Each structure stands twice: as structure tokens, then as C-alpha cells.
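Report on the structure
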Amino acid sequence: MDIRKYQDKDKKNLQYICIATARPLPKNQKERDIVTLLYNDYFTENESENIFVAVNDDDDAIGYIICSTDYKKFKSVLKKRYLPKLWKLSKKKWLLMRLEFLIDNRLTKKYPAFLHINILDGYQRKGLGHKLMDALVGHLRNQGVKGVMLGVGSDNEKGISFYKKYGFHEVMKLPGALKMGLFIE
Ligand SMILES: CC(C)(COP(=O)(O)OP(=O)(O)OC[C@H]1O[C@@H](n2cnc3c(N)ncnc32)[C@H](O)[C@@H]1OP(=O)(O)O)[C@@H](O)C(=O)NCCC(=O)NCCS
């Protein structure tokens, strides 16, 4: 297994990983579309230079770390190109996303970048999460990005344990979720 930069051929695998590791597991096509729209498509289609993948011996992606380094761009592109699609799929998710903007607006000064990380079940707890995080943090450091944040479900024990072990700290407690951050020296 290896870590490398994202390539266009990885897009379908990333969507698959995104859906397979989502909690709760999407139950139908509409839910699968929502999950990939919110947590995958913006990044692969607009900031693919900020993605690293873990690959198996056949060079197929089995995990990824995906990141936006420019929150203003993320928000404006998402509003223009992705939220109208979300509105059609789920008004509730659309509203939640707009609320999340209000929260994240307050955090982006300290933490200009934010990330999602997902690894297929059979490949977890083998050190790949740490390697993906090292690759991204090094990449952010080279660009002078001073902090990165993320949101994690309060019940996602392995996620929270992983982030704490990596050095992330708690930034904000929300109903059912936690914002965590890491300063990059
Ligand atoms: C969270 C995740 C990225 C961690 O990646 P990983 O490759 O499994 O983690 P690493 O092997 O680098 O690090 C291992 C540490 O992660 C945590 N961890 C990973 N799997 C765990 C599990 N099944 N149970 C409890 N802790 C776990 C622990 O802190 C563990 O350290 P330990 O083995 O000393 O207890 C990965 O488990 C994953 O993709 N989970 C599903 C998607 C997800 O929840 N993403 C985060 C959403 S915000």
C-alpha cells in the first residue's frame, strides 16, 4: 500500500469509498447522491491538487484525504454549483449546510483549510490514516496554511480517537457533532 496524489482515474473509487464509509449508511440512490455531492464532488472537481489517496497493489484508491485550502472559494462555488442540486435532493440538508456555513465562517480565520478523511473498512487501523494526514499536513505547510479543521459526529469514537491521537484539539461542540482543529507550524 502506498500514498500518492489524486489522479482523475480515482474519482469513481473516491465516490465509492465516500458512500461505503458514510454513517449512517445511505439507504438509496438519493442518499448516495447527497453524500457524494457534499463530501466528494466539490473537492475532486475543484481542488483535486489538495487530495491524497491510499492505494492497494493494483494502484486502486482504498482511502483518501480531501481538503479545501480556500474556504471563500469553497463557499462561493458550493453556493453557485452544488447547493442548487442539493436543494432538489433535500431541503433539510440544504438548510443544514447553510447553517454550517454560519458556524464555519467564525472558524476559518484560525483554520483556513478543512478536510475529510475516509478509508475502507478492511484497510483501517493499519496506519494509513496517519500517513494520509502526514501527506496533507506537509502539503499545507509548504503552502503556508496555518491551520486545518474538520467536523466529526460526536458518536464517531474511532474518528475522534484518531484525530486526538494525531494532535487535533476540540474547537467547538455542536448538537451531535464536534469541530476539531490542528495548528500547522
Ligand atoms: C478515522 C480513520 C480515518 C482513521 O484511519 P486509520 O487508518 O484507521 O487510523 P490509523 O491506523 O492511522 O490510526 C489508528 C488510530 O485511529 C483510531 N482508530 C482507528 N480505527 C479504530 C477502531 N476500529 N476503533 C477505535 N479506534 C480506532 C485509534 O485512535 C487508533 O489508534 P490505536 O490503534 O493505537 O488505538 C478511519 O478509521 C476511517 O476512515 N473511518 C471511517 C470514516 C470516518 O469515520 N472518517 C472520519 C469522519 S470525520
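Before reading further, recall that the structure is shown in the block above.
Here's what I pulled together on the structure shown here. (Residues numbered from 1 in each chain as written. Predicted model: local features only at pLDDT ≥ 70, side-chain atom pairs only at ≥ 80, totals over all residues.)

1. As for the pairing of strand β5 (residues 147-153)
Basically, it comes down to this: At least two DSSP bridges between two strands are needed for those strands to be called paired. Put simply, DSSP marks the helices as runs of H or I at least four residues long and the strands as runs of E at least two long, and each gets a number from the N terminus on. Handedness is read with the strands pointing away from the viewer; a crossover is right-handed when the path from the first strand over the helix to the second is clockwise.
With two bridges connecting them, strand β4 (residues 113-119) and β5 associate as parallel partners. Bridge pairing in β5 places F114 opposite M149. Handedness of the crossover joining β4 and β5 through helix α5 (residues 128-142): right-handed. Where β5 lies against strand β7 (residues 177-183), seven bridges are found, and the strand directions are antiparallel. Pairing of V148 across the sheet is with L182, part of β7.

2. Some thoughts on the site of the ligand
Note the cut-off: Near residues are defined by distance alone, with the backbone-placed C-beta atom required to lie within 6 Å of the molecule or strand. Polar here means any residue outside two lists: the nonpolar Ala, Val, Leu, Ile, Met, Phe, Trp, Tyr, Cys and Pro, and the charged Asp, Glu, Lys and Arg; Gly therefore counts as polar.
The ligand sits among 19 residues. The nearest are Q124, G129, K158, S161 and F162. Contributions of two or more residues to the shell around the ligand are made by β4, α5, β5 and α6 (157-166). With five residues, the top contributor of residues to the shell around the ligand is α6. Residue classes in the shell around the ligand are distributed as six nonpolar, nine polar and four charged.

3. Here's the deal with the sheet that holds strand β6 (residues 169-174)
The following threshold applies: Between N-to-C directions, angles cover 0 to 180 degrees, with each direction set by a line fitted to C-alpha atoms, over the stretch in contact for helices. By the convention adopted here, residues are in contact when the distance between their C-beta atoms, placed from the backbone, does not exceed 7 Å.
Read from one edge of the open sheet, seven strands run β1-β2-β3-β4-β5-β7-β6, paired in mixed fashion. Looking at strand neighbours, the two that pair on one side only are β1 (2-5) and β6, the edges of this open sheet. Across the sheet, the axes of successive neighbouring strands diverge by a mean angle of 25°, strand direction being ignored. The pairing of β6 with β7 spans five bridges and is classified as antiparallel. Within β7, the residue paired with H169 across the bridge is G181. The sheet contacts of α5 involve β1, β2 (52-55), β3 (61-68), β4 and β5, and relative to β4 the element is tilted by about 155°.

4. A closer look at the pairing of β2
With four bridges connecting them, β1 and β2 associate as antiparallel partners. If you follow D2 over to β2, its bridge partner there is V55. As judged from the four bridges shared by β2 and β3, these two strands associate in the antiparallel manner. Looking at the pairing, V53 lines up with Y64 of β3. Where β2 hands over to β3, the hairpin turn is made up of five residues, of which D59 adopts a positive phi near 65°.

These results come straight from atomic positions and should not be treated as a statement about function.
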